[in-house]
Structure formats: C-alpha cells, structure tokens
Amino acid sequence: MSRRARTTAIVDYVDLFSDEDSIHDDNEEEWNPPQPKAVPRASESEKRPTKGPSKPRVPKKESAKMSSKTPIAEVKQEKPENQMDVMTANVKTESIKSEPSFKTKDERISFTIAKSDTLAQGAPSCSNVIAKKEEQEDDFTFDEPVLKKQKTGCQSSVPSKKLQASMKKEIDMNWDLIEVLSTQTCVERWVCSNVVTLLREENTVPFIVRYRKDMINHMDADAVRDVQLVFEELCALAKKTQSVVNTLKKDGVLTTELEKSLKTCQSAEELDHVYTPYKKGCKVTKVRKAKALGLESAATALIEAPHTLDLRKWVKPGTEGLSSVEEVSTGVLHILAYMIAKDPETLTYVKRLCENDDVTLHSTVTKTALKEKEQEKSQPKNKKQDLDKFHLYFNFTSSIRRVQPHQTLAINRGESLKLLTVKVNIPERVKKNFMWWCINNRWKTRTFANQYHQTLINNSVEDSYKRLVGPFLSRMYRTNLTKTAEKESVAMFVRNLRQRLLVCPVRGCVMMGVDPGFRHGCKLAILSPTGQILHTDVVYLHGSRNEREAEKLRHLMNKYSCSRVVIGNGTACRETESFFADLIAKCYFHPLDVSYCIINEAGASIYSVSPEAVKEMPDLDPNLRSAVSIGRRVQDPLAELVKIDPKHIGIGTYQHDVSSTALKAALDGVVQECVSFVGVDINICSETLMRHVAGLNTARARNIAEWREQNGPFFNREQLMLVKGMGPKSYQQCAGFIRINQSVHSTKCPPPAIPPKPAAKKGKGKAKDAIPTHFNPLDQTCIHPESYDVAERFLSLIGKSAIQIGSQDLKQSVNHKVASSGFDELSKQIGTTPETLKLIMDSLTQPPGFDMRQDFGQEDFKRGIVSIDDLQVGAVLTGRVDNTSLFGAFVDIGVGRSGLIHKSKITLDKLPASQRRRSLALGPGERVEVRVLNVEPQRGRIALDLIRVLH
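Cut-off values and rules
Residues numbered from 1 in each chain as written. Predicted model: local features only at pLDDT ≥ 70, side-chain atom pairs only at ≥ 80, totals over all residues. Heavy atoms only, no water. Helix = DSSP H or I, 4+ residues; strand = E, 2+ residues; numbered from the N terminus. Buried < 20%, exposed > 50% of the residue type's maximum accessible area, 1.4 Å probe, protein only. Contact = heavy atoms within 4.5 Å. Areas by Shrake-Rupley, 256 points an atom, 1.4 Å probe, with all protein chains shown as cover. Pairing = 2+ DSSP bridges. Axes fitted to C-alpha atoms, helices over the stretch in contact; angles between N-to-C directions. Core = buried A, V, L, I, M, F, W, Y, C linked by side-chain atoms within 4.5 Å.

1. Details of the overall build of the protein chain
Helix and strand counts for the protein chain stand at 34 helices and 17 strands. Within the span of the protein chain, comprising 951 residues, buried residues form 53% of the whole. Within the protein chain, residue pairs in contact and separated by at least 24 positions form 74% of the contacts whose partners lie at least 6 positions apart. Of the accessible surface of the protein chain, which amounts to about 44100 Å², a share of 51% is contributed by carbon and sulfur atoms.

Pasting the structure below:
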C-alpha cells in the first residue's frame, strides 16, 4: 500500500531479552564509572593482530587517523571501526563513555506523540526520505502521519563487524538486519546499528534516551521503541523461519530453492504464503501432488525450452495424474501456477499494479444477522444492540487508502461476531495487466512455443491469479489494515496514558476525596498535603438527611482546613457536584474558600480490592480506599495511577480489538518512561512506584524497601549497590532516575551504621566498606553517577561547588561562562560531549526538587455548575480534553457530559506549531477553547468545534 502506517507497533513477539534477574546475580562485580583509557596511537593500532582475511594496505597517515577514532556503536572495542563526528579525537578518553544529555525541554519533547512512521508492507522504500533536510516542514499532510525526519550527520552507516557477525549467527536470513530495520523504520543505518547494540547490552529505553542521546541521533522514547519493536519482530521472524526450515527438513520436503525462498521473506505474511502448501496436517495440495509425480522438470521445460517438451512422454496409463495428456497438462499447470505465485518479482509487480489502482474494502450485513433482526422478539437484547452498533457498515465501501483505523477495528469486530461479511475488491484491469505482463515479460518462453503450450502457460497464469495471487493480495491488505489500525490504537493508548500520568500534581493543601453514591452514601477521605489519611467517613447527601450531612461536612472541612474537594465521575457524580456547588454558592464553608473538581475514577474500585491496596491500607474498608485513591490522583497523579493496571485507567478506545500482550507491553513501557523521567525520591516513594523505574523490577523494589526499613534512609546513590540483587547493570540503568533529596539529611542525627553486603564469592568486586555514607548534592539531580567527575570539573572551572545547586549565583556563573567561552569549546575544555554538558548545566541550574511536570496542566477546580440544558449552539466555552480516540477528542466542558470534537474539526490552522506533527494533536489534560455545534440532551451528545489550544 502507498498509505503510510505508524510503527508504534505491536506484534506478538518472542521476548528476546531475558529478565535481568536471571542474568545478574547478587555477587556480580560492582559497576563503576568508566576509567580513563588511553587512546590507541597509530603505531599501536598497526601492531595489533588482525583476524580473518587480510585487508588492503592503508597509507600510514590514513591508518593513523582511522585508529584514533572511536565509533559510538562500540565504545568498548579496543580497535575502532567507524568515525562518529559527535565524538572528537582530542576529547579526553575517560569521557568517551560520558552520557548524552537529556535537557529538561527535550524530556518534555519525548512525551509528545510519536513521530515515527513507516511505509506499509509492499510500499516503496522510504530511505530516500531520510536524506531530506531537517528544515523542510512544508511536506506535512495532516490527514496522514508523516515520516520521521532525522538529523543526518556524517556518522558511519556501516554497523560494526562484531555486531554484523553476531547478528549473522543469530539471524540466518538472506537479508541484512540493519538494512531491513532501517528501511522499515525510516531511521538511518548507523542509528539502527547503535540502537540494536544498546538493546542487546540490556539497556532500557529511558536510559538510552536520556544518557545515550548522541548514539541515537536525539530520537525520543517513542521513536526508539518503534525501532525496538520492529527489531524484535524481525528477530521473531528469523526464529520462526528457522523453525519452519527445520520442520521441512525433517519432513524431507526441503529443497535449496524452497529454503532460499523462506529465508528471503521479510514479513510473517510472506513466510506464511511460502510455507502454507507444505504445512503438516493440511490436505495435500495440488502442487505437491504434481511434484510427487515428477512433473516439476516438465513445468521448467515449458518456460525454458518448450520446443523440446513433449507431454505425451510423461503419460503413464494406469497411474493417477499421469494417465492422459490432459492430466499431465493439469499437473504442469498447477506447478507453474505455484511458481508464478511465489516468485518475488511477480508479487512485487502485482503489488505495484494495485498501488496504482483503486482497491476497495466492502462490508455488508450477513444474511444470518438480518434474519435475527427480523426475529427481534426471540433474540436477547445484547444481540440487537450489537447489530445496531454496526449499521454504518451494513453497506460500506471505501478505498483501501482511505479506510480509517477505527473503521478497520469496527469492521473486524463485526466480522468476528458474524454480523458482517468483508471483501477486498481488486479491479479487473489489475488482473488483465498482470496476465499480459506475465505472458509477455516475466514468464515469456525462452524459445518458440506451439499454440498448445502457449495456451497452457496462459491458463497457468490465470489459475495462479485466481487461486493464489488474488487471495494473497486480499489477505495482505486485510492484514496491513489491521496492523495499521492496531498500531494507531495502541499509539493512542500510549499518548493518552502518558499525558494522564504527567498531569501536574496539586501540592501544599489538604484534599477531600469523594467517591459519590446514592444508596450506600458518598465515601469521604481527607488527606494531608503529603497524602496521609487524616479522616474517613460516609455521608448521605442525596436523602432526607442532607442538612445534617452538610453540617457534618462543614465541621470536617473547618477542622482540617480543607478547601479542595475531588469528586469521582462515577454514579451520583452529577448530584454530588450540584450539592457542593449549592453550598459553595451560599458561602456555607466560610471562611474557607472551597472549590471542587471532577476526576476520572476509572480503576479506583479495582485498585481498592487489589493486594497493593490491602497492603497499604489493611484496616480500611474497600469503599473508603476508593475515596483515598480519588483524592491522591490529584495530589500526585503519577504515584497513584501506577498502582493501577494501565488498561483500567479509562484511556483510548478499542482496547479489546488489539493484542492484549502488545497493548500491555506498550503501556508498561510508557509507565516506566514517565516514572523514570520524572524521577523518584528513593527515601519516600512507594514500593509500587519503584517497580517502574528503569533497571528495577518487583524483586529489586522490594529489596530496596526492606533495606530502607532496616537501615534507615539512603544518604547517597552509591548505597544502592548494598541492596541485594542490585548488580552493576541494574545500578547503571536506575541510578540517574533515583533522587536523594537533601531534606532527608537536614537532621542532625548521623547516618546509621550500614552492615556490609554479604558476598558469596570472595575476591570479586570492591570492598563494600569503600562505599561512602555522606550526602552528595549531585544525587538530587538527573546527572548520572558516571558523569560526576565531569560535573565536578565544570564546577571547578566556574569556581563554584555542588552545594550551590539551583542558586542564582550559580546560574549567573554558568551563563557568563557559556557566553564567554562558547558551548562547544567549553565541552572540549572539560573533556565531554555537548549533550552531557547540556544535561549537567540544566541539572545544576534547576532548583532542588525540580519537577518536570510543573509545566503540564493541573486539574481545574471550580465553584459553580452548568447543565447540558443551559448549552446553546454557538456558545464558546473552555474545557479540558478528557480522552481521545481514533475519531476525535472528548472534552469536559463542565456540564456532566463530555463533548466530542470530531477529527475533521481538528485542523492544522487551529493548533500550535509544536503540535502540528502529531497524529491527532490533542491529548488528555490539554485545555482548549471550543464552540458548541449541536446539543442532543435526550441522547446526551454534544458536538464541538475546536477554536484553539490554550496554554
């Protein structure tokens, strides 16, 4: 297809990277910042023995230059292979492994919607797109996702020999992994090579994005995850291909030609197309019968030398399939039809014909469904409701290029429920052009063929198209549409979840969480500014006792100085909101200035009965736990929402129509990304939150919590290495995302005595008593421990110390130094990369306790209420996006019902420049100004038009 498809991708793949617990044991050697390593001179590099065949001699000057350059893809190799312009030859070698920066603004960029797109299967290569200049922005088409524009530098596009050899050994295919990965993801070869290397070294995506930025050409987390998913898909394909080859070899049907065809496949669909006729257990196909009769040489001769072919010689009376010339001809026809259908050049040509024509998707209602509709009285209600939901697709026709992702998912669901019949219509002219090309070009006889032989070839081509090629094209289009739709749906989930998690916390005030209800009352939980439970209660606001309950509310709110109320959006939400709005209008809570907000309570009831909630609040009723969760969702959305399975948070649409495994993997990755980039205070964060930090898991988080209980707070990051199960790799991945805030060390009491970590293997690793127990101010920042020496050199250069982090004096000194020396020259002077220096400068100038979420929107608190009956067409309102789907965005405008901005109303001119390259441009939490287009109070529907996005 020519339609571009997102690569936020998801396929059911084999987990190729095992859990770190199974790789790193408790007694591994401790990880330390890289030590200075001498750059090899030309004379030294020339003396090193070479492996493999000899290479052409290189002039000494060129040899010296080559040996002094170190590739990013293999910083651990002694002998460099490629030149990366980001790394300078005169940089001090101890900083060659220094991490790329993750500037605060860049971090926020990584939380926008993925820009990575790929061409659908069968589309022309997009490698030429990458060569375009980055400044070009006028090729954007808002109706379709755009291809990623990567910075193109002079980095080598040739992967390292070590990586090539390793990949060739593991992926025994007839294509180059890095080349195919680069083509499918539209990312440069050298970047793909580096990403694969980093992933194979078990680095997490957050760590790669923040601390290996120069190696990945400054890609964001979504783009790296796209490359990771396609890489895993290709690895799974190679593994499946090898399994198929072994199976066919065992069955004795594997030939050299068949093995070559299998190992040439670049997708699961192509592999299945080649392998299907040989699958064990299925009926013996026509081509296998013909080949078993020995007619394969006759089919080959029909094309290569038809003047020598006499089909009568193959006739064997009494043998089934060979008893007559007609049977022999039929067998030859089946073999030739199969050869045509499996030929890569032929398939490429017919795909190109379809791309240049108008292939359509058509769906109709099934006869069975119509009969059930006529017998409504005898059918269950849910069956009738299901049928009504698909009325738009009872006679639906659309070009393949214009089918929307949500339409694909809806049609697939209707087909699975046996309510719809779906067909791909390929124009007849495609068949005619295909047959003409095959007969007169690709499958033209090498020598003269008589009329009988030519007719046999013509019939073979027609049979191949009707029986094999046509169905293959239909399956390909359906598969590509489904993949594209699933990718878009998962991408929508990912973006919605990210923006929901990054809502700015409301700190510094007492909060009342309200879980509304009628019969069982409204559950209340009053929380301190730090989220501690001060009081829980149940009030009945919607009965005859509402005056007494109002007095009770006033007493509680005045007692705890509570001026913020958070109401869940479940049952009785509207009535509870009206109750509080009336009291606020009457100044009932004077002297408190009380306001309230409505919060999405999706998942609160599930969490209230979960093991985490029972462990956290063992003595509390599950209904009251829901109220606590609702209140904490405003105080710290990230810390509270990570306790709930992402699919229960109420984000996105069509979650049951995509792969549950793929969806879970994508959402878990986003949770890890958000938690890591925001950072966690290791001394006060919950065990549940720690699990989602890059490099940590359930076991390590539990061990950290136990160590903290036994030994008191951590005083520096290095003490993490004393925790059981924390190996060098785990420490490297998590250290930069963990904070040790200075408030913990403001007390006068000395740090507790820390017993050394028992070692099972002696002589491995440094002594544990060498780990200091004093506080390091750099542990408050996102600077990685491996860059501490660079940070210290920078501070010495400007004449400051780490204890001045975030001070105005330090900021002025940094700005003055950059203005006088220049940024690039300054990075060379202290021996580091510009990315690392940028990260260090940002971290040193940010105030202690800096939270990147402060620039994201907070929940809106209000004092009055508006009803849907009060809305007038044309009214201009402000609201906040509550959820987004593949067909539009739902906006909460404060009337108890979310209004829908259809995707057709989200046009390019209404969006800020920073949001114009996103697939739908809007996400949960964004404030917008809208105009009311239509109101249907009976159906509870509100149609809105987007005016602008507010900041």
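2. What to know about the sheet that holds strand 5 (residues 420-425)
The strands making up a sheet associate through hydrogen bonds between their backbones, and the pairing can be parallel or antiparallel. Sheet architecture is open: 3 strands sit in the order 4-3-5, paired in antiparallel fashion. The outermost strands of the open sheet, each flanked by one partner alone, are strand 4 (395-399) and strand 5. Looking at each pair of strands side by side, their axes are set apart by 15° on average, direction ignored. Examined bridge by bridge, strand 3 (residues 360-365) and strand 5 share 6 bridges and lie antiparallel to one another. Note that in strand 5 the partner of His-362 across the bridge is Lys-423.

3. Describing the sheet that holds strand 7 (residues 522-527)
Here 5 strands make up an open sheet; going across it, the order is 8-7-6-9-10 and the pairing mixed. Edge positions in the open sheet fall to strand 8 (533-539) and strand 10 (595-599), since each of these has one partner strand only. Taken pair by pair, the neighbouring strands of this sheet meet at an average axis angle of 20°, ignoring direction. Direction of pairing for strand 6 (residues 511-515) relative to strand 9 (residues 564-568): parallel, over a ladder of 4 bridges. Each residue of the ladder has a partner; that of Gly-513, found in strand 9, is Val-566. With respect to the sheet, helix 21 (residues 546-559) is in contact with strand 6, strand 7, strand 8 and strand 9, its orientation differing from that of strand 8 by roughly 175°. Contacts between helix 25 (residues 622-635) and the sheet are confined to strand 6, strand 7, strand 8, strand 9 and strand 10, with strand 7 contributing the most and set at about 50° to the helix.

4. With respect to the nonpolar core
A general trend in soluble globular proteins is that nonpolar side chains are found buried together. Core analysis: the biggest nonpolar cluster contains 169 residues, and Met-219, Leu-262, Phe-434 and Ile-704 have the highest contact counts within it. Core analysis: the second largest hydrophobic core is formed by 27 residues, Val-514, Leu-541, Met-557 and Val-565 among them.

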